[in-house]
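Listed here are the chains, written in short residue letters.
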Amino acid sequence: METTTTGLLIIGASQAGVQLAISLRALGFDEHITLLGEEDHRPYQRPALSKEFLQGKYDKERLIFRSNEYWDEHDIRLVKGARIERIDKNSDGSGTAVATDGTRFAFTRLALAVGARARRLEIPGADLPGIVYLRNADDALALKASLDGVENAVVIGGGFIGLEAACSLQELGKTVTVIERGPRLVGRAVGEETSEYFLQAHRRRGMEVLLDTGVEKFLGDDEGRVAGVVLDDGTQVPAQLVLIGIGVIPNTELAEQLGLQVDNGIVVDRHALASDGTTVAVGDVANQPNPLPGAPEEERIRLESVNNAIEHAKVAAYSLVGQREDYAGIPWFWSNQGDLKLQIAGLSLGYDSTVIRRDEARGKFSVLYYRDGQIVAADCVNHPLDFMAVRGALGKNQNIPADEAADPATPLKSIVRDLETAS
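My aim in this report is to walk through the structure given alongside it, one point at a time. All figures in this text were calculated on a predicted structure; none of them were measured in a lab. (Residues numbered from 1 in each chain as written. Predicted model: local features only at pLDDT ≥ 70, side-chain atom pairs only at ≥ 80, totals over all residues. Heavy atoms only, no water.)

## Let's talk about the overall build of the protein chain
Right, on to step 1. The helix and strand inventory of the protein chain stands at eleven helices and 25 strands.
Right, on to step 2. Against the globule reference of 22 Å for 423 residues, the protein chain gives a C-alpha radius of gyration of 23 Å, in line with a compact fold.
Right, on to step 3. Summarising its shape, the C-alpha atoms of the protein chain cover approximately 70 × 60 × 35 Å along the three principal directions.
Right, on to step 4. Buried positions account for 54% of the 423 residues belonging to the protein chain.
Right, on to step 5. Contacts spanning at least 24 positions in sequence make up 60% of the contacts within the protein chain whose residues lie at least 6 apart.
Right, on to step 6. Accessible area of the protein chain: about 18700 Å², with a carbon and sulfur share of 45%.
Right, on to step 7. In the protein chain, 44 positive and 62 negative side-chain charges are present, and the distance between their average locations comes to 3 Å. (Helix = DSSP H or I, 4+ residues; strand = E, 2+ residues; numbered from the N terminus. Rg over C-alpha atoms; globule rule 2.2 N^0.38 Å. Buried < 20%, exposed > 50% of the residue type's maximum accessible area, 1.4 Å probe, protein only. Contact = heavy atoms within 4.5 Å. Areas by Shrake-Rupley, 256 points an atom, 1.4 Å probe, with all protein chains shown as cover. Lys, Arg positive; Asp, Glu negative; His and termini not counted. Charge placed at Lys NZ, Arg CZ, Asp CG, Glu CD.)

Next comes the structure, spelled out in structure tokens:
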């Protein structure tokens, strides 16, 4: 069995894993880095899979993070197709990771950037050809290969991935039905007002959206491919393609094997350190303290976003070079659904009131979230100026008074500027 030795072993060639390696080199970390990717692809961007790549606007090369020359020039060994099945670790943080093919990777320090996997829907017919998920590049390639001859597509799950893919399929000329078990769209990420806005907007654009609706089973045709979806009330919806997007499950198996604390992800402190004090965990898999300024100490969250993967990896990089830096910036998210461009600034956890800013004539819509009179987040649809103003205010730990923000004709940046002047 081959054994290689490295200073830092990063398991997971994800956005967070790639950023961790890049940030370490920027900080002067000079030990050898090995970056392990489970997929047989060079590290790539995921957000475009449900949008530009699916629509044929981006090719595969446009998704690639860095060239092979970059890795070579920065003494970072990229290993594709490496699935780690066991890690033997010492108390000082060193150890050896063993891949399924027997290759052994000895390391001085360990970083887990293992992300999350698509949650599966286990019902009769779930293994029929034509039923797909969309989490990685292979999923996207399989989905694109399934589009020929499809007239009716069903998307199960009304979250960001489901709605983005549904809009892409609609743009490609498919008749799309979205089925959501919950009472509203994007229920985990936005408030009721934003959910309702997206529901009405998608329905106006010709998409059928079914809420509070479950799926009992899938039907096949004479050739053994999916042909329809049976709902919990017995209704049958025709479908030659079914995309399932019902959330993800953090990949905590290696952390559990190592005895690390796990609770909806790998539990880390404010500096991305796991419970053993030596392993760092970053990105989608990490359960971290709420990074918003002023958030309650006990409030924790697992964030699934490009922005968090980048900022959290920077925090971890500082930890690995012996420094302690807090999470920089404000968590933010985006979702492009056809001509609807959603940008979210901050985290609306625990909000107790909202302010709605609606400009029907210009197609702009924002919801500001407050807790104890302090702004904590905003959902902004086709309204980048509102997004930037709220993000800026949160970054400076300032407020945007609700009574002044209630007038949609008042630019939020002017309110923030007035507060700065007053202080």
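## Side note on the nonpolar core
One broad rule of soluble globular proteins: the nonpolar side chains tend to lie buried together.
Right, on to step 1. Among the nonpolar cores identified, the biggest contains 96 residues, and Ile10, Leu20, Leu368, Val390 and Ile400 are the most heavily contacted of them.
Right, on to step 2. Among residues more than four places away in sequence, those in contact with Leu20 are Ile10, Ala111, Val280, Ala313, Ala316, Ala317 and Leu320. (Core = buried A, V, L, I, M, F, W, Y, C linked by side-chain atoms within 4.5 Å.)

## Brief notes about the sheet that holds strand 10 (residues 175-179)
Right, on to step 1. Strand order in the open sheet formed by five strands is 8-15-9-10-11, and the pairing between neighbours is parallel. Bordering the open sheet on either side are strand 8 (131-133) and strand 11 (208-210), each of which pairs with just one other strand. On average, adjacent strands in this sheet sit at an angle of 20° to one another, irrespective of strand direction.
Right, on to step 2. Two elements, strand 10 and strand 11, share three bridges in a ladder whose sense is parallel. Opposite Thr177, over in strand 11, you have Glu208 as the bridge partner. (Pairing = 2+ DSSP bridges. Axes fitted to C-alpha atoms, helices over the stretch in contact; angles between N-to-C directions.)

## A word on the sheet that holds strand 24 (residues 364-371)
Right, on to step 1. Within the open sheet, the five strands sit side by side as 21-22-25-24-23. Their pairing is antiparallel. With partners counted over all chains shown, the strands left at the sheet margins are strand 21 (332-337) and strand 23 (353-359), one partner each. Each neighbouring strand pair of the sheet contributes to a mean axis angle of 15°, computed without reference to strand direction.
Right, on to step 2. Here strand 21 pairs with strand 22 (residues 340-346) via six bridges, running antiparallel. Paired with Asn336 across the strands is Lys341, a residue of strand 22.
Right, on to step 3. Where helix 5 (residues 160-171) meets the sheet, its contacts fall on strand 21 and strand 22, and the angle it forms with strand 21 comes to roughly 30°.

## With respect to helix 4 (residues 137-145)
Right, on to step 1. Restricting attention to buried positions, one finds in helix 4 the residues Ala137, Asp139, Ala140 and Leu143. Seen from one end, helix 4 has its buried residues packed into an arc of 160°, which puts them on one side.
Right, on to step 2. Here the buried face of helix 4 lies against strand 8 and strand 15 (241-244).
Right, on to step 3. Put simply, Asn136 is the residue that caps the front of helix 4, since its side-chain oxygen is 3.2 Å from the backbone nitrogen of Asp138. (Arc of directions from axis to C-beta. Polar contact = N/O pair within 3.5 Å; in protein donor to acceptor, adjacent residues only side chain to side chain.)

## Details of the layout of surface pockets
Rolling a probe over the atoms, with the probe sized like a water molecule, indicates the empty space that remains.
Right, on to step 1. The calculated volume of the second largest pocket comes to roughly 250 Å³.
Right, on to step 2. In terms of lining, the second largest pocket is formed by 14 residues, of which the most central are Arg357, His383, Asp386, Pro408 and Pro411.
Right, on to step 3. It is strand 23 that contributes the most residues to the lining of the second largest pocket, three residues altogether.
Right, on to step 4. Counted by class, the lining of the second largest pocket contains five nonpolar, two polar and seven charged residues. (1 Å grid on protein atoms, 1.4 Å probe; cavity = no way out; pocket = protein on both sides within 12 Å on 5 of 7 lines; lining within 4 Å. Points joined across faces, edges and corners; volume = space filled by probe spheres on them. Nonpolar A, V, L, I, M, F, W, Y, C, P; charged D, E, K, R; others polar.)

## Quick notes on the packing of helix 1 (residues 15-26) against helix 8 (residues 306-320)
To characterise two packed helices, one gives the angle between the axes of the helices and the distance between these axes.
Right, on to step 1. Orientation of helix 1 relative to helix 8, taken along the N-to-C sense of each, is 40°, at an axis distance of 8 Å. Between helix 1 and helix 8, the angle falls in the class oblique. The two elements helix 1 and helix 8 meet at a crossing, and its hand is right-handed. Contacts from Gln15, Ala16, Gln19, Leu20, Ser23 and Leu24 of helix 1 reach helix 8 at Val306, Ala309, Ile310, Ala313, Lys314, Ala316, Ala317 and Leu320. (Parallel < 35°, antiparallel > 145°, perpendicular 65-115°, else oblique. Left-handed = near helix turned anticlockwise from the far one by under 90°.)

## Regarding the pattern of salt bridges
Right, on to step 1. Tallied over the full model, the rule gives 18 salt bridges.
Right, on to step 2. Asp276 is the partner of Lys89 in a salt bridge, and the nearest nitrogen-oxygen pair spans 2.8 Å. With a gap of 187 residues between them, Lys89 in strand 4 (residues 84-89) and Asp276 in the loop between strand 17 (266-267) and strand 18 (280-281) connect regions that are remote in the sequence.
Right, on to step 3. Close ionic contact of Asp339 with Arg205 constitutes a salt bridge, the shortest N to O distance being 2.8 Å. Remark: Arg205 occurs in the loop between helix 6 (192-204) and strand 11 and Asp339 occurs in the loop between strand 21 and strand 22; sequence separation between them is 134 residues.
Right, on to step 4. In the salt-bridge network here, residues are joined through shared partners; they are Arg188, Arg302 and Glu304. (Salt bridge = Lys/Arg side-chain N within 4 Å of Asp/Glu carboxyl O.)

## With respect to unusual backbone geometry
Right, on to step 1. Of note in this structure, Asn382 is not a glycine but carries a positive phi near 55°.
Right, on to step 2. Inspection of the secondary structure puts Asn382 in the loop between strand 25 (374-381) and helix 9 (384-395).
Right, on to step 3. A positive phi angle is found at Asn397, which is not glycine, with a value near 55°.
Right, on to step 4. For Asn397, the location among the structural elements is in the loop between helix 9 and helix 10 (402-405).
Right, on to step 5. The exposed category is assigned to Asn397, whose relative accessible area is 52%.

## Notes on the environment of Val268
Right, on to step 1. Structurally, Val268 is set in the loop between strand 17 and strand 18.
Right, on to step 2. Residues Val268 and Ala137, spaced 131 residues apart in sequence, show a C-alpha to C-alpha distance of 28 Å.
Right, on to step 3. Contacts of Val268, omitting those with residues within four sequence positions, involve Leu273, Ala274, Ala281, Ala286, Asn287, Gln288, Pro289, Arg300 and His312.

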